[in-house]
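Chains, contacts and geometry: an overview
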Amino acid sequence: QVQLVESGGGLVQPGGSLRLSCAASGSIFRINAMGWYRQAPGKQRELVASITSDDSTNYADSVKGRFTISRDNAKNTVYLQMNSLKPEDTAVYYCNANIKRDIYYSAREYWGQGTQVTVSS
């Protein structure tokens with residue numbers, strides 16, 4: 001089994017910062033791309049940022065220059081540093097990872113349970 005566990009969400013004022021973490025655990029042979037998605041009430045889930053195994057990154061236009069994604073391969077962990085937060089960043093943030101469990105298995109997508117981020121004064 002593979003699990004992704006997120007942490008770091010919470011309530012923050014506009015202009016503030018939060019750092020999300022997501023640790024993968026279980027039977028893991030290799031982790032390929034990792035990423036963060038978010039879903040606001042009444043909206044579809046959207047990609048926020050992603051990072052490949054060789055540290056190439058991709059960001060949604062709405063967060064470029066404010067959010068930074070990084071990963072620690074030794075800890076099987078991906079981070080999302082969120083600065084200059086805006087009320088429109090309020091959403092449930094989900095961690096995603098493409099993981100190969102074993103040399104005999106194909107890689108597949110795994111999701112965390114989600115962590116709430118609320119930006120409000």
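Anyway, here's the lowdown on the structure attached to this text. All of these numbers come straight from a predicted model, not from anything done at the bench.

Look at Asp55: it is not a glycine, yet its phi comes out positive at around 70°. Following the sequence through the fold, Asp55 ends up in the loop between β5 (46-51) and β6 (57-59). Positive phi values are uncommon outside glycine, yet Ser84 reaches one of about 50°. Inspection of the secondary structure puts Ser84 in the loop between β8 (77-82) and β9 (91-100).

Our focus in this paragraph is the environment of Glu88. Relative to the elements of secondary structure, Glu88 occurs in the loop between β8 and β9. Measuring from C-alpha to C-alpha, the distance between Glu88 and Ala40 comes to 8.6 Å, with 48 residues separating the pair along the chain.

One broad trend across soluble globular proteins is that nonpolar side chains are buried collectively. Membership of the largest hydrophobic core comes to 31 residues, with the highest contact counts inside it found for Trp36, Leu80, Met82 and Tyr93. Those elements giving two or more residues to this core turn out to be β1 (2-7), β3 (18-26), β4 (30-39), β5, β7 (67-72), β8, β9 and β11 (115-119). Counting residues per element, this core draws most heavily on β9, which supplies 5 residues.

What follows deals with the packing of aromatic side chains. Applying the stated criterion to the full structure yields 1 aromatic pair. Directly above the ring of Tyr110 sits Arg108, whose terminal nitrogen or CZ lies 4.0 Å from the centroid.

With that out of the way, let us pick up the state of the cysteines. A covalent bond between the sulfur atoms of two cysteines is what we call a disulfide. The full count for this structure, using the stated rule, is 1 disulfide. Through a disulfide, Cys22 is tied to Cys95; the S-S separation comes to 2.1 Å. Here the disulfide of Cys22 and Cys95 is left-handed, its torsion about the S-S bond being about -80°. A residue pair is termed long-range when its members are at least 10 positions apart, and Cys22 in strand β3 and Cys95 in strand β9 qualify at 73 residues. Of the two residues examined, Cys22 and Cys95, each falls in the buried class.

What follows concerns the side chain of Arg71. When you line up the elements, Arg71 lands in strand β7. Asp55 provides the closest opposite charge to the buried, salt-bridge-free Arg71, at an N-O distance of 4.8 Å. A distance of 2.8 Å separates a polar side-chain atom of Arg71 from the backbone oxygen of Asn32. Polar side-chain contacts of Arg71 include one of 3.0 Å to the backbone oxygen of Thr52. Contact partners of Arg71, with chain neighbours within four places excluded, come to Ile31, Asn32, Ala33, Met34, Ile51, Thr52, Ser53, Asp55, Thr77, Val78 and Tyr79.

Whether parallel or antiparallel, the strands of a sheet pair through hydrogen bonds between backbone atoms. Taken together, the 4 strands give an open sheet; going across it, the order is β1-β3-β8-β7, and neighbouring strands pair in antiparallel fashion. Of all the strands in the sheet, the pair left with one neighbour each is β1 and β7. The mean inter-strand angle of the sheet, taken between neighbouring strand axes irrespective of direction, is 15°. Pairing between β3 and β8: 6 bridges, direction antiparallel. Looking at the pairing, Arg19 lines up with Gln81 of β8.

Cut-offs used in this document
- Residues numbered from 1 in each chain as written.
- Predicted model: local features only at pLDDT ≥ 70, side-chain atom pairs only at ≥ 80, totals over all residues.
- Heavy atoms only, no water.
- Helix = DSSP H or I, 4+ residues; strand = E, 2+ residues; numbered from the N terminus.
- Core = buried A, V, L, I, M, F, W, Y, C linked by side-chain atoms within 4.5 Å.
- Buried < 20%, exposed > 50% of the residue type's maximum accessible area, 1.4 Å probe, protein only.
- Phe/Tyr/Trp six-rings, centres within 6.5 Å; stacked < 30°, edge-to-face > 60°.
- Lys NZ or Arg CZ within 6 Å of the ring centre and 35° of its normal.
- Disulfide = S-S within 2.5 Å.
- Lys, Arg positive; Asp, Glu negative; His and termini not counted.
- Salt bridge = Lys/Arg side-chain N within 4 Å of Asp/Glu carboxyl O.
- Polar contact = N/O pair within 3.5 Å; in protein donor to acceptor, adjacent residues only side chain to side chain.
- Contact = heavy atoms within 4.5 Å.
- Pairing = 2+ DSSP bridges.
- Axes fitted to C-alpha atoms, helices over the stretch in contact; angles between N-to-C directions.

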